[in-house]
Amino acid sequence: QVQLVESGGGLVQPGGSLRLSCAASGIIFSIHDMGWYRQAPGKERELVATITNGGLTNYADSMKGRFTSSRDNAKNTVYLQMYSLKAEDTAVYYCNARRGVFAPYWGKGTLVTVSS
């Protein structure tokens with residue numbers, strides 16, 4: 001059974017940092033491209049970052065320079081390091097695992113709240 005479990009969310013003040021983790025099981029992690037998405041209240045889910053199975057990263061424009069994604073294939077885990085957080089970064093953050101044309105797997109998300 002495939003499981004993606006996000007962790008690391010919480011309450012942080014504006015300007016603060018958080019590191020999210022997504023631990024995968026039930027898949028051959030190293031061959032999957034991984035993605036981070038987020039969904040704010042009342043808004044559609046949006047792309048945050050992707051990291052290919054080879055480690056190439058891509059970020060949404062509003063996250064460039066503030067967010068960094070990395071992966072540790074030995075731990076079957078992908079990370080999202082977030083800096084300079086803003087109130088508008090408040091959302092549930094999800095990770096997904098994608099391989100080729102197959103439907104991606106999704107985690108259940110972790111809530112990030114940026115507030116003073």
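We now turn to the structure provided with this report. Predicted model, so just to flag it, every value in this text is computed and none were measured.

Taken residue by residue, a regular strand's side chains alternate between the two faces of the sheet. The side-chain alternation of strand β1 (residues 3-7) yields one buried face, formed by Leu4 and Glu6, and one unburied face, formed by Gln3, Val5 and Ser7. Looking at chain direction, β1 and strand β3 (residues 18-25) are connected through five bridges and run antiparallel. For glutamate 6, the partnering residue across the bridge sits in β3 and is cysteine 22.

What follows concerns the environment of tyrosine 105. Mapped onto the elements, tyrosine 105 comes out in strand β10 (residues 105-106). By relative accessible area, which is 36% here, tyrosine 105 ends up partly exposed. On a C-alpha basis, the gap between tyrosine 105 and methionine 34 in space is 9.6 Å, while along the polypeptide they are 71 residues apart. If we skip the residues at most four places from it in the chain, tyrosine 105 touches Val2, Leu4, Ile27, His32, Cys95, Asn96 and Ala97.

Next up on the list: the nonpolar core. Membership of the largest hydrophobic core comes to 28 residues, with the highest contact counts inside it found for Met34, Trp36, Val48, Phe67, Leu80, Met82 and Tyr93. In contact with phenylalanine 67, other than residues within four places in its own chain, are Arg38, Val48, Tyr59, Leu80, Gln81, Met82, Tyr83, Leu85, Asp89 and Tyr93.

Our next topic: the sheet that holds β1. Note on sheets: strands pair through backbone hydrogen bonds, and any given pair is parallel or antiparallel. Taking strand neighbours across the sheet as the criterion, the four strands line up as β1-β3-β8-β7 in an open arrangement whose pairing is antiparallel. Here the strands that pair on one side only, and so sit at the sheet edges, are β1 and β7 (67-72). Direction aside, the axes of adjacent strands within the sheet are offset by 15° on average. In terms of strand pairing, β3 meets strand β8 (residues 77-82) through six bridges, oriented antiparallel. From the neighbouring strand, alanine 23 faces β8, where its bridge partner is threonine 77.

On inspection of all chains with the given rule, the structure shows four salt bridges. Across the pair arginine 38 and aspartate 89 runs a salt bridge whose closest N-O atoms are separated by 2.8 Å. With arginine 38 in strand β4 (residues 33-39) and aspartate 89 in the loop between β8 and β9 (91-98), this residue pair connects regions lying 51 residues apart in the sequence. There is no split in this pair, since arginine 38 and aspartate 89 are both buried. Between aspartate 89 and arginine 66 there is a salt bridge whose closest N-O contact spans 2.8 Å. Of this pair, aspartate 89 sits in the loop between β8 and β9 while arginine 66 sits in the loop between β6 (57-59) and β7, and the two are 23 residues apart along the sequence. Arginine 66 carries the same exposure label as aspartate 89, and that label is buried.

About the criteria used
- Residues numbered from 1 in each chain as written.
- Predicted model: local features only at pLDDT ≥ 70, side-chain atom pairs only at ≥ 80, totals over all residues.
- Heavy atoms only, no water.
- Buried < 20%, exposed > 50% of the residue type's maximum accessible area, 1.4 Å probe, protein only.
- Helix = DSSP H or I, 4+ residues; strand = E, 2+ residues; numbered from the N terminus.
- Pairing = 2+ DSSP bridges.
- Contact = heavy atoms within 4.5 Å.
- Core = buried A, V, L, I, M, F, W, Y, C linked by side-chain atoms within 4.5 Å.
- Axes fitted to C-alpha atoms, helices over the stretch in contact; angles between N-to-C directions.
- Salt bridge = Lys/Arg side-chain N within 4 Å of Asp/Glu carboxyl O.

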